[in-house]
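Fold and geometry: a report
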Amino acid sequence: MRKLVVVCMVALLMLSAVAGAVLATPVADLTALAQYFPENTVLFAAFRTDEGFIETLDGVIGQARDLLPPGAIPPFRLNMLLDQAVSDLGQGSFRQAVRPWLGDTAAIGLIGDLSSAPRGLLAVAITDRDAATAFVKAFLEQGDTEYDTRDRGGYTLFTDPDEEGAFAIGDDVLFLSVPTSELPELTGDFISLGDSPAFTGALALLPADEYNGVAYLDMPTIFALSQREMAAGGVRMQGIADMFAAFADAVGPQVYGFTILDGRSLVMDAVQQLGDTAALEAAGMTLTMPTTPVDPSFAANIPADAPLVVMGTELNTGITAGFQNLRAFGRLLQEQARALPDDELDEDTRWLRDVNVGNAIVAFTNLSFAGVTGLNLEQDVLPWMGGNYAAYLRLLPLPEETDATVAPDFAVLVEATDSAGPQTLVEALGSALEQYGFPPTTEDVNGTSTLVFGAALRHLYERGAARERLAAAPELDLLIGGNDNLFIVGSRPAVVDSLMSAGDRLADAPAFIEAQTYALDGAQQFWYLNTRAFVPVIDTFIARETSRSQQDMREARVLAGLFSSGSISTVARADGGTVARFVLTLAQDPLAEPGS
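Numbers given to residues run from 1 along each chain, matching the order in which its sequence is written. Only residues with pLDDT of 70 or above have their local features reported here, since the model is predicted, and side-chain atom pairs are shown and tallied only from 80 upward, although totals for entire chains, interfaces and linings are computed over all residues. The basis for every side-chain value is the complete set of heavy atoms in the structure, and neither hydrogens nor water enter the calculation.

Observations concerning helix 6 (residues 129-142)
- With 14 residues, helix 6 should cover 20 Å at 1.5 Å per step; its first-to-last C-alpha distance of 20 Å lies within 8% of that length.
- All of the buried residues in helix 6 are A132, T133, F135, V136 and L140. Buried residues of helix 6, seen end-on, are gathered within an arc of 160 degrees and therefore sit on one face of the element.
- Whether two residues touch is decided by their heavy atoms; if any such pair falls within 4.5 Å, the residues are in contact. Strands here mean DSSP runs of E at least two residues long; helices mean DSSP runs of H or I at least four residues long; both are numbered from the N terminus. In the core, the buried residues of helix 6 are packed alongside helix 4 (78-87), helix 5 (94-97), strand 4 (120-126), strand 6 (155-159), strand 7 (166-169) and strand 8 (173-178).
- Whenever two N or O atoms come within 3.5 Å, that pair is a polar contact, provided that in protein one can donate a hydrogen and the other can accept it, and provided that, for residues adjacent in sequence, both atoms are side-chain atoms. Between the side-chain oxygen of the N-cap and the backbone nitrogen of D130 there are 3.2 Å, and the N-cap of helix 6 in question is D128. In this analysis, the expected span of each helix is defined as 1.5 Å times one less than the number of residues it contains. A simple rule labels every residue: compare its accessible area, found with a 1.4 Å probe on the protein chains alone, to the largest value its type can have, and call it buried under 20%, exposed over 50%, or partly exposed in between. Note that the arc is computed from the directions linking the helix axis to the C-beta atoms.

Here is the structure:
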């Protein structure tokens, strides 16, 4: 556990300081080296190498060293390690031998067909060709490496006679190619990744203008490789590959951007584009996604101490699309099963030819729902579930006499667009259960009629005396309620807190407001994390546990206190692609171990 704390603290603190000393780089400048990579580059990553980067990391490692117990981080500096590495080559220090010619960015990529041996290219921006050439030459000679030297297209080449690798040095760039054949077209007469519409189009969708690093994945090529591997597995695998092709064609490139906002919020933006969706649409699948943005004010229905929250909109749109896609996927499975010879399907799987599995799942869901409530899910319930929805989880300390430390506390809330919808559903559920001989208790919670299932969550605990004592714990009651604008289901504390107007609300919590400032504009889904909200539970464990487990909890408390908020926000684009942002914000006042 201590190792985990150390690693997380060092990594996050190092990243958080990058923006403090040096601003991020515009995307066009950061990815300028893409002009040297061929269009068939499958994976590409560009990152900064400027002087302030290393100096800042050194400073932050020093800060982490001061925060952690003595000896947790050895007394070293990155510059010292780099100096040692360069010194071993007999060329002095890193600052003397490398920094004078090293530019501000570097890029690395994997090229072509990844099914064979890796073929890669590293490109580094340089500012002094002569100095870079001298360094490479000294590096090769120090290692007694055989090489040939020649000039080509204005570049100085150092090549391995066995063509396992090569260096090429120009006026403003240095290349390392593995193998030699992956040296770029040094004359510039080729289609580069930087000119590829797929690459430039994906980069244009990144929501920020500047990043510290960018990564690009040619997902269509990666999926095509998977198809070839499956097709080589025989008739049955060929059928799966054919079905898989419809999905593969619909997947477009992915691009990721890494940056830091406001000096302490670590951000990863991810873009997923779509390709040719004609095959999916022909199969009956839909790419329809919710379009209404999440309303942050809906968080007024959630208690402020909720550590994990998921918010979204148009639950009915998502479920309806899911049902349609399940049915369509079931038809695809049927078609593939019917296309296979009898000897490729055993008796246990031949039924796939006659049964639409996806349709069976949807039918079972609808029938089960109708059997319990007497209502049609798709006709009577989903139509009014078009507003905001949320789900949240808490862990609540239990009294010591219950022999358990915490109870799970959760709630799912759905905003209704029809005021009669939630109450009709609750009444139908209560009536059906009564007819089945399981009449629930009813209770009024702040004007909302709720069904109560006593200690329904006690089965989460072990059998025996402990569970018997938990049977009467009110924290383990399951409640289902509905009023004019809200349907809610969850454990008693969560439902009561959500339906009561008193108390602190998540919509007003500083950590939630902070997380909202980094959310993507127009996000249809928002995930929120507040690790500090787990601290009271951790303190309960510390008070009751002993020895090694107690120390683990103390270290977990330090880790939980490092952050003030975290979030994921997603936007479904009109063309079917998605943009997502992952954010983790470091606290300005990290919590220490109790008693330290």
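Still to come is the rest of the account.
Thoughts on the pattern of salt bridges
- Counted as salt bridges are all cases of a side-chain nitrogen of Lys or Arg within 4 Å of a carboxyl oxygen of Asp or Glu. Counted according to the given criterion, the structure contains 10 salt bridges.
- Where R129 meets D171, a salt bridge forms, and the shortest distance between an N and an O atom there is 2.9 Å. Taken together, the residues span a long stretch of sequence, with R129 in helix 6 and D171 in the loop between strand 7 and strand 8 at a distance of 42 residues.
- Close ionic contact of R581 with D269 constitutes a salt bridge, the shortest N to O distance being 2.6 Å. One end of the pair, R581, is in strand 22 (residues 578-586); the other, D269, is in strand 12 (residues 265-274), and 312 residues separate them in sequence. Pair check on accessibility: R581 and D269 agree, each one buried.
- What you see here is one network of salt bridges that share partners, running through D305, R394, D409 and D497.

Overview of unusual backbone geometry
- Here E314, not a glycine, exhibits a phi torsion of approximately 50 degrees, which is positive.
- Tracing the backbone shows E314 in the loop between strand 13 (308-313) and helix 11 (315-339).
- Given a relative accessible area of 12%, E314 falls into the buried group.
- Residues other than glycine seldom take positive phi values, yet N446 does so here, at roughly 55 degrees.
- A relative accessible area of 44% means that N446 is categorised as partly exposed.

So, the packing of helix 11 against helix 12 (residues 357-373)
- The convention used is that axes are lines fitted to C-alpha atoms, helices contributing only their stretch in contact, and that angles between N-to-C directions extend from 0 to 180 degrees. Axis separation between helix 11 and helix 12 bottoms out at 5 Å; the angle between their running directions is 140 degrees. Listed contacts from helix 12 to F323, L326, R327 and G330 of helix 11 are V357, G358, N359, I361, V362, T365 and N366.
- Residues of the contact of helix 11 with helix 12, tallied by class, amount to 5 nonpolar, 5 polar and 1 charged. Classification convention: Asp, Glu, Lys, Arg as charged; Ala, Val, Leu, Ile, Met, Phe, Trp, Tyr, Cys, Pro as nonpolar; all other residues, Gly among them, as polar.

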